[in-house]
Amino acid sequence: MPAISVLVKPASGNCNLNCDYCFYCDESAKRQTASFGMMSIKTLENVIKNTLTRAEGFYSIAFQGGEPTLCGLDFFKKAVEFLKIYNKNKVQIQIAIQTNGYLIDEKWCRFLKENNILTGISIDGIERIHNAYRHPKDKGNSYKKNIEATKLMDKYGVDYNVLTVIHRAVAENIKEIYKDYKAKGYKYLQFISCLDPLEEERGKEEYSLTPEIYGQFLIDLFDLWYEDLLKGTPPFIRQFDNYMGIIAGYPPESCEQNGVCGIAYTVEANGNVYPCDFYVLDDLKLGNLNYDSLETIDKKRKEISFVERSYYRPDECLNCKWFKLCRGACYRNRFTAKDEELGYGTKGLNYFCKAYKRFFDERFDKLLELTNYVMGR
């Protein structure tokens, strides 16, 4: 077996926030069983044992939700224990967690630091924008909780990045948001385009990100980052870093920018395995790590042609001068055959195609300049 990447949802879709745009709430509602509850310690052990013992060279495990911290600190201490026990092949292990930050306190920070756990914390810009769509169930202020969490992580030296969902309000206010992030000293930024409900017409929600708005967002964010990079003080922005890597001849580490779905294992709280975080759906279940081997799970992935279906891009895409940079982007944002039948767009074409074309048309020269500059250094 090669390197293995596992994404675990130990709390299933359970969360202490109600976010209006939550793609996982939408996915869960489209399953026969919306929530699989909290992962048991036995299932946690089986997940780690049946994946880590098959890895060679490198193994990554990330915990996501819902909100994974709802499982409690003791759950994650057991995870670290199992990782040590079952690392029979002496592979390099990377542990990560994605959190809304609401439960992060000093005990959590000490644990994250001591175990070198890379932490992603969800912040959607400034307070008025963040709180507009991210609603704590206890009626608290999620933005203030986030800021308190980042200050604690700074205090304890936790490695963290800020993950921002690019919905309409974030995109239209990115200049103000970038300035605020810079003032707060955030060094690692990840921007994820907001997803509309699965198998529904895109662009109809209040928060929806349209190609026109996204294209302007990419240009505005890039210009801010470009200015800081020339000063020698840029934050790390995953998307732009990947583009420069592609230009320099390196493979992208992001599956979105690879253009083809990767081999990953998304594991629900009951041990069910799915091929992607964006497709945790009944008809795409690959097996269960409590009783199925990785070989059985991978065989099912092949049978349903999950990866293979992402190979298709229409001629309009393949013949585009920016194809080598864009590669069709994330499959989740491509039009399906059903979309084409309904007149929404050409099968296989990315919903954000116009955004990418505009960005590369207007900023490729600077991307190339920066790539040469960084490679020269």
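Predicted model, so just to flag it, every value in this text is computed and none were measured.

Caption draft 1: Structural detail: the overall build of the protein chain. Looking only at helices and strands, the protein chain features 16 helices and twelve strands. Taking 377 residues into account, the globule formula puts the C-alpha radius of gyration at 21 Å, and the protein chain, at 20 Å, falls close to it. Along the three orthogonal principal directions, the C-alpha set of the protein chain runs to about 55 × 50 × 45 Å. With 377 residues in all, the protein chain has 54% of them scored as buried. The long-range share in the protein chain, meaning contacts at least 24 apart out of those at least 6 apart in sequence, stands at 72%. The protein chain carries 52 positive and 52 negative side-chain charges, and their two centres are separated by 4 Å.

Caption draft 2: Here's a closer look at unusual backbone geometry. Omega for the bond connecting Gly65 with Gly66 falls within 30 degrees of zero, at 5 degrees, which places this linkage in the cis form. For Gly66, the position within the fold is in the loop between β3 (58-63) and α3 (73-85). Of note in the backbone geometry, Asn116 takes a positive phi value of approximately 55 degrees without being a glycine. Within the secondary structure layout, Asn116 lies in the loop between α4 (106-114) and β5 (118-122). One non-glycine residue, Lys139, lies in positive phi territory at about 70 degrees. Taking the relative accessible area as the measure of exposure, Lys139 reaches 75% and is therefore exposed.

Caption draft 3: Examining the domain arrangement of the protein chain more closely. On domain assignment, one finds that the protein chain holds domain 1 (4-310) and domain 2 (315-375). Residue-level contacts link 42 residues of domain 1 with 33 residues of domain 2. Taken together, the two surfaces of domain 1 and domain 2 that pack against each other cover about 3700 Å², and 65% of this comes from carbon and sulfur. Contact with domain 2 buries surface across domain 1, with Arg202, Tyr243 and Ile247 losing the most and accounting together for 19% of the total. Inspection of the region where domain 1 meets domain 2 yields two salt bridges. Between domain 1 and domain 2 we count ten residue pairs in polar contact (both at pLDDT 80 or more) in total.

Caption draft 4: Layout of the nonpolar core. Within the largest apolar cluster, 98 residues are counted, with the highest numbers of intra-cluster contacts made by Tyr59 and Phe63. With ten residues, the single largest contributor to this core is helix α9 (residues 211-231). Setting aside residues no more than four positions away along its own chain, Tyr59 makes contact with Ile4, Val6, Ile48, Thr51, Leu52, Leu83, Val91, Gln92, Ile93 and Gln94. Within the second largest apolar cluster, 13 residues are counted, among which are Val260, Phe278, Cys330 and Tyr331.

Caption draft 5: A look at the side chain of Ser208. Within the secondary structure, Ser208 is located in the loop between β8 (188-193) and α9. Beyond its immediate sequence surroundings of up to four residues, Ser208 is in contact with Arg168, Asp196 and Gly203.

What counts and how
Residues numbered from 1 in each chain as written. Predicted model: local features only at pLDDT ≥ 70, side-chain atom pairs only at ≥ 80, totals over all residues. Heavy atoms only, no water. Helix = DSSP H or I, 4+ residues; strand = E, 2+ residues; numbered from the N terminus. Rg over C-alpha atoms; globule rule 2.2 N^0.38 Å. Buried < 20%, exposed > 50% of the residue type's maximum accessible area, 1.4 Å probe, protein only. Contact = heavy atoms within 4.5 Å. Lys, Arg positive; Asp, Glu negative; His and termini not counted. Charge placed at Lys NZ, Arg CZ, Asp CG, Glu CD. Domains from an automatic or database assignment. Buried area = accessible area lost by both parts, 1.4 Å probe. Salt bridge = Lys/Arg side-chain N within 4 Å of Asp/Glu carboxyl O. Polar contact = N/O pair within 3.5 Å; in protein donor to acceptor, adjacent residues only side chain to side chain. Core = buried A, V, L, I, M, F, W, Y, C linked by side-chain atoms within 4.5 Å.

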